[in-house]
Amino acid sequence: MTREDGTPRVSPGVYLLDRAASPQFASPILVRVIRELPDRHPPYAWTWVDCYQLDRHGDATEKRQLFVMPQGMRPVRLAPVPYATRRRPSLPAARAGG
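Please read all numbers here as calculations on a predicted model, not as lab measurements.

Colleague: I keep staring at the pattern of salt bridges and nothing clicks. Help me out?
Modeller: Two side chains with opposite charge may pair up if their charged atoms get near one another. Under the criterion given, the structure shown has two salt bridges. The partner of Asp18 in a salt bridge is Arg74, and the shortest N-O contact between them spans 2.6 Å. Taken together, the residues span a long stretch of sequence, with Asp18 in the loop between β1 (13-17) and β2 (29-36) and Arg74 in strand β5 (residues 74-75) at a distance of 56 residues. Asp18 gets classed as buried once you look at its relative accessible area, which sits at 15%. For the salt bridge of Arg35 with Asp50, the shortest nitrogen-to-oxygen distance reads 2.8 Å.

This is the structure we're talking about:
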């Protein structure tokens, strides 16, 4: 589906955002898009999205509103990682006599 100007609409889902989506993503991030924000009027080929940034397990870490090019957003399938199978970060050993 596209807008009147030919820009693709963004559907809810999980996307990888890198420089193809916007120059601000020098380091790629993973997001779960909640909705596109149609009440804003961005320039041709750009849009605003309401989303959550995801960590390596697919858990939301931060809510964001991002200015992106829909054609550069890459949809990804993200399988949930059960909490029981996640590794906990190792804690430093306690020092004796400290």
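Colleague: Sorry if this is basic, but what is going on with unusual backbone geometry here?
Modeller: Most of the time, phi is negative for any residue but glycine, and the peptide bond is trans. Phi at Ala45 is positive, roughly 75°, even though this residue is not glycine. Topologically, Ala45 is positioned in the loop between β2 and β3 (47-54).

Colleague: What should I look at first to understand the pairing of β2 in this one?
Modeller: As a general feature of sheets, a regular strand has side chains that alternate between the two faces. Judged from the five bridges that link them, β1 and β2 form a sheet pairing that is antiparallel. For Tyr15, the partnering residue across the bridge sits in β2 and is Val31. Pairing between β2 and β3: six bridges, direction antiparallel. Opposite Glu36, over in β3, you have Val49 as the bridge partner.

Colleague: I tried to follow the nonpolar core on my own but got confused; where do I start?
Modeller: Taken as a class, soluble globular proteins show a tendency for nonpolar side chains to be buried jointly. With 13 residues, the main nonpolar core has Leu17, Val31, Val33, Leu66 and Met73 as its most contacted residues. Going through the elements one at a time, β1, β2, β3 and β4 (60-68) are the ones with two or more residues in this core. No other element matches β2, which puts three residues into this core. Sequence-distant contacts of Val33, that is, excluding residues within four places in its chain, are made with Val10, Ser11, Pro12, Gly13, Tyr15, Val49, Asp50, Cys51 and Met73.

Colleague: What am I meant to see in the pairing of β3 here?
Modeller: Across the eight residues that make up β3, a large majority, six, are buried. Alignment of β3 against β4, held across eight bridges, turns out to be antiparallel. Bridging from a neighbouring strand, Cys51 pairs with Arg64 of β4. What sits between the antiparallel neighbours β3 and β4 is a turn of five residues, in which Gly58 has the positive phi angle 90°.

Thresholds applied
- Residues numbered from 1 in each chain as written.
- Predicted model: local features only at pLDDT ≥ 70, side-chain atom pairs only at ≥ 80, totals over all residues.
- Heavy atoms only, no water.
- Salt bridge = Lys/Arg side-chain N within 4 Å of Asp/Glu carboxyl O.
- Helix = DSSP H or I, 4+ residues; strand = E, 2+ residues; numbered from the N terminus.
- Buried < 20%, exposed > 50% of the residue type's maximum accessible area, 1.4 Å probe, protein only.
- Pairing = 2+ DSSP bridges.
- Core = buried A, V, L, I, M, F, W, Y, C linked by side-chain atoms within 4.5 Å.
- Contact = heavy atoms within 4.5 Å.

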